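Residues per chain, in single letters:
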Amino acid sequence: RVTFSIVDPEHGSEAYQWHRGFAGAHANVYGRPWGDYEKMAAAGEVFGAVDENDDYLGLCYFHFDKRKRAWELGGRMVAQRERGRGIGGVLGRVTMAHVLFEEDPFSRGESIIARVVEQNADPRAILEGGAAFHKAEGALHVPGKDLPGVATDKDGYVTGDQYNVDKGVALRRILVVLEQR
């Protein structure tokens, strides 16, 4: 049994410890500082997947970037032993649905994005395999000092891609699901 839900803010530090452990073991994942993660957990911006013992199997966050006027979906991580069960896909869809229906970004002219470090192949299959995202080449170019612990290129930059949600595709997919009900 796997349960997907927003992480209870009272359990934000437990989710953070799992996040840091995962990020520490994967050079392509940014281990966010506790202060940032604590704010996201307190705001109800972290989704988790837990088993029947309440052990974390995966996490994903969403956060509004005021400068870009965009909701970023990120930090999707799934325990190695749980890969292949669809947990990452469900986490992404649940998070996306929450942002679309609860935050309602399109009504305010806001966008939804995901950023992926160049060397990180894991999330690309989901983002490029029929999701409502389309890739904007080379959109991620950040000094390595701003994302400590993430692999950099020879010039010291974290590079990668930004994926933007296509509003039309997202809305059509929602209609398809609703029509099946």
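Reference entry: report on the structure contained in this document. (Residues numbered from 1 in each chain as written. Predicted model: local features only at pLDDT ≥ 70, side-chain atom pairs only at ≥ 80, totals over all residues. Heavy atoms only, no water.)

### Description of helix 1 (residues 12-25)
Since there are 3.6 residues in each turn of an α-helix, residues three or four apart along the chain are aligned in direction.
Then step 1. The end-to-end C-alpha separation of helix 1 is 20 Å, in line with the 20 Å expected for 14 residues at 1.5 Å each.
Then step 2. All of the buried residues along helix 1 are G12, A15, Y16, W18, H19, F22 and A23. Taken down its axis, helix 1 places every buried residue within 165 degrees of arc, on the same side. Those residues of helix 1 that are exposed and aimed more than 90 degrees away from the buried face are Q17, G24 and A25.
Then step 3. Buried residues belonging to helix 1 abut helix 2 (34-42), strand 3 (56-65) and strand 4 (70-78). (Helix = DSSP H or I, 4+ residues; strand = E, 2+ residues; numbered from the N terminus. Expected span 1.5 Å × (residues − 1). Buried < 20%, exposed > 50% of the residue type's maximum accessible area, 1.4 Å probe, protein only. Arc of directions from axis to C-beta. Contact = heavy atoms within 4.5 Å.)

### A word on the environment of G109
Then step 1. Among the secondary structure elements, G109 is positioned in the loop between helix 3 (87-103) and strand 5 (111-117).
Then step 2. In this structure G109 comes out as exposed when scored by relative accessible area, which is 58%.
Then step 3. The sequence separation of G109 and A70 amounts to 39 residues, and the corresponding C-alpha distance is 9.0 Å.

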